[in-house]
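# Remarks on the overall topology
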Amino acid sequence: MEEENSIVSIRTNFSGRTARSTANQFDDESLRRAVAASENLARVQVPDPDLLPMPDAHEAGGRTLRLRSGQAHEAPVAAVAPLSRFFEQTAAITPADRAEVVKRIVSVAGKHELTTAGICSNSESGEGIFNCRGLANWHRQTLAEISITMLADDSSGWQKSNSPDVSNLESAKLAETAAQKAVESMHPREIAPGKYTVILEPAAVLDIVGFMFWDYNGAAILDQRSFLNDRIGTKLFGENINISDDAAHPLQAGSPFDGEGMRRQCVQLVENGVVKRVVYARATAHKMKNSEYAGKVGPIEPTGHGFPLPNEMGEMPLNIVFGVPNNPRSVEEMIASTEHGVLVTRLWYIREVDPYEKIVTGMTRDGTFLVEHGKVQCGLRNFRFNESLISMLSNVEAMSVPVRACGEESFDMVVPAMKVKEFNFTEATKF
């Protein structure tokens, strides 16, 4: 399957009134109609007292367009150059190349007498944002992705990986790992629910912790819907937890600017377990500075994390990076140091139970194992869990070096595997 899509999105702003329209045809008449639609929608809006003028190039930290003899030319401003995330070898992948990858995966499944399903894809994207105040930012990116599920009669295994650079993907290794999980978890045992030491592989960590980052934004604080309300500046997690949002990290992906064209800053969200600050769009930072919470939320400034205006969400950190632990441990070392516990490949069907204590529920999937006396003993029937993310991140006994990880319930992050004590499994399933 191949898909190609191009969209122009136009926002107009008249004295505190703003609106947006889109078009997927770029001829002059289609563009004129789209501009007129945006203007007409904006003029009938109720004025927003918090709406700011569009940023210029200097405020956004991008590039400025200046007119000279009727011609536009670029003049650079101070900004950190983003890493290149466009790789020719990824863009050049052909259907035959993808078919060859699928062939290797299927051959691994055949060797182990398993059934397999999955995805092998590559994409190329470009994003530009500009306005009449001289802002002009551009970003190109490629992405290759492989997702593999291996199925036996009563067990399964899974692996998924993506990267802007296809050379970082090892399809045969991913397939063998997924197959090994399916084979080793055959004929799963059932053990009683309860609190266990768990070893969460990076995909499992990503999908569960992703549920808290919607709260790391100024708009959520102002709306009193964040679990960080009255907690910024306090030690909420364990001493070994450090989290930043860093679009320039070499393992990250995505645009270096936000929905208004503001350059994304590296923001330290958590330091040694202490929640330090949240991220802001321009308007949210302006509003926060004049609010009753201004003295309780740490530094307040636009950080380049806003969504395209108009929107109801405000902003969010989308380039999460966990800090490297002082004494990183591999998953194998975590297993070897565990007397009695559970190894979890990934989680799914995760839902929030308590927004303020950040209690979530969900299930294990595609490779859950019993660990005893420092070794993986057998596969287990899957568990449902109820776990507070605050408690979980206060009970981390060991972490690996963070890696780029992807799952199904949250966005891609740079996260470690984690060994967590007292993880709360509430019931076992029948599969």
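Residues numbered from 1 in each chain as written. Predicted model: local features only at pLDDT ≥ 70, side-chain atom pairs only at ≥ 80, totals over all residues. Heavy atoms only, no water.

## As for helix α1 (residues 28-43)
The end-to-end C-alpha distance of α1 is 23 Å, a good match for the 22 Å that 16 residues give at a rise of 1.5 Å each. Turning to α1, its buried residues number three or more, namely S30, A34, S38 and A42. Angular distribution of buried residues about the axis of α1 spans 105°; they occupy a single face of the element. Away from the buried face of α1 by more than 90 degrees, exposed residues D28 and R32 are located. Here the buried face of α1 lies against β1 (8-14) and β2 (17-23). (Helix = DSSP H or I, 4+ residues; strand = E, 2+ residues; numbered from the N terminus. Expected span 1.5 Å × (residues − 1). Buried < 20%, exposed > 50% of the residue type's maximum accessible area, 1.4 Å probe, protein only. Arc of directions from axis to C-beta. Contact = heavy atoms within 4.5 Å.)

## Comments concerning the environment of A57
Along the chain, A57 falls in helix α2 (residues 57-60). The buried category is assigned to A57, whose relative accessible area is 2%. Through-space distance from the C-alpha of A57 to that of A204 is 40 Å; in sequence the pair is 147 residues apart.

## Some thoughts on empty space enclosed by the protein
Counted according to the given criterion, the structure contains one cavity of 30 Å³ or more. If you add up the space inside the largest cavity, you get close to 50 Å³. For the largest cavity, the full set of lining residues is I221, L228, N229, D230, R231, I232, Y293, K296 and V297. Looking at the lining of the largest cavity residue by residue, the class counts come to five nonpolar, one polar and three charged. (1 Å grid on protein atoms, 1.4 Å probe; cavity = no way out; pocket = protein on both sides within 12 Å on 5 of 7 lines; lining within 4 Å. Points joined across faces, edges and corners; volume = space filled by probe spheres on them. Nonpolar A, V, L, I, M, F, W, Y, C, P; charged D, E, K, R; others polar.)

## Some details on helix α4 (residues 95-111)
With 17 residues, α4 ought to run about 24 Å at 1.5 Å a step, and its terminal C-alpha atoms sit 24 Å apart, in line with that. Those residues of α4 that sit buried are R98, V101, I105, V108 and A109. Axial view of α4: buried residues confined to an arc of 105°, hence all on one face. Exposed and facing more than 90 degrees away from the buried side of α4 are P95, A96, K103 and K111. Phi turns positive, to about 55°, at E113, one or two residues after α4.

## Considerations on the pairing of strand β13 (residues 340-354)
Of the pairings in the sheet, the one linking strand β8 (residues 194-200) to β13 comprises four bridges and is parallel in character. Bridge pairing in β13 links I199 to L343. Bridge count between β13 and strand β14 (residues 359-372): 11 bridges; the pairing is antiparallel. When the bridges of β14 are listed, D354 appears paired with I359. (Pairing = 2+ DSSP bridges.)

## Digging into the pattern of salt bridges
A complete count under the given rule lists 23 salt bridges for this structure. Residue E145 is joined to K160 by a salt bridge in which the shortest nitrogen-to-oxygen separation is 3.9 Å. With a gap of 15 residues between them, E145 in strand β6 (residues 136-151) and K160 in strand β7 (residues 156-163) connect regions that are remote in the sequence. The class for E145 is buried, based on a relative accessible area of 17%. Note on K160: relative accessible area 17%, which makes it buried. Between E239 and K235 there is a salt bridge, and its shortest N-O distance comes to 2.5 Å. Look at the salt bridges and you will find they share partners, linking R11, E59, E260 and R282 into a network. (Salt bridge = Lys/Arg side-chain N within 4 Å of Asp/Glu carboxyl O.)

## Describing the nonpolar core
F213, Y216, F237 and M392 are the most contacted members of the largest nonpolar core, which has 62 residues in total. The residues touching M392, leaving out its near neighbours within four places in the chain, are L200, I208, V209, E387, M418, V420 and F423. Core analysis: the second largest hydrophobic core is formed by 17 residues, V108, L114, I148 and A182 among them. (Core = buried A, V, L, I, M, F, W, Y, C linked by side-chain atoms within 4.5 Å.)

## Observations concerning the environment of L228
You can see L228 is positioned in the loop between α7 (218-222) and β9 (243-245). Since its relative accessible area comes to 1%, L228 is described here as buried. Residues L228 and E2, spaced 226 residues apart in sequence, show a C-alpha to C-alpha distance of 43 Å. Not counting the four nearest positions on each side in its chain, L228 is found in contact with D215, Y216, I221, L236, V275 and V278.

## Quick word on the sheet that holds β7
The antiparallel open sheet is built from three strands, whose spatial order is β5-β6-β7. Either end of the sheet is taken by a strand with one partner, and the two such strands are β5 (115-130) and β7. Pairwise comparison of adjacent strand axes, ignoring direction, gives a mean angle of 10° for this sheet. Here β6 runs beside β7; their pairing, made up of eight bridges, is antiparallel. Note on β7: the bridge partner recorded for M150 is G157. (Axes fitted to C-alpha atoms, helices over the stretch in contact; angles between N-to-C directions.)

## Some remarks on the packing of aromatic side chains
Tallying each qualifying case throughout the model produces nine aromatic pairs. Ring centres of F213 and Y216 lie 5.4 Å apart, and the angle between their planes is 40°; this geometry places the pair in the tilted category. The exposure classification of F213 matches that of Y216, with both residues buried. Considering the side-chain rings of F383 and F425, the 4.3 Å spacing of their centres and the 20° angle between planes classify their relative orientation as stacked. Of the two residues, F383 is situated in strand β16 (residues 383-388) and F425 in strand β20 (residues 418-428); the sequence distance between them amounts to 42 residues. Here a set of aromatic residues connected by ring pairs shows up, and it is made of Y196, F383, F385, F423 and F425. Above the plane of the ring of F14 lies R43, whose end atom (NZ or CZ) is 4.4 Å from the centre. (Phe/Tyr/Trp six-rings, centres within 6.5 Å; stacked < 30°, edge-to-face > 60°. Lys NZ or Arg CZ within 6 Å of the ring centre and 35° of its normal.)

## Observations concerning the packing of α4 against helix α5 (residues 171-184)
Relative to each other, α4 and α5 sit at 30°, their axes nearing to 9 Å. If you check the angle between α4 and α5, you find them roughly parallel. As α4 runs across α5, the sense of the crossing is right-handed. For the pair α4 and α5, contact is made by V101, R104, I105, V108 and K111 and by S171, A175, E176 and A179, respectively. Residues of the contact of α4 with α5, tallied by class, amount to five nonpolar, one polar and three charged. (Parallel < 35°, antiparallel > 145°, perpendicular 65-115°, else oblique. Left-handed = near helix turned anticlockwise from the far one by under 90°.)

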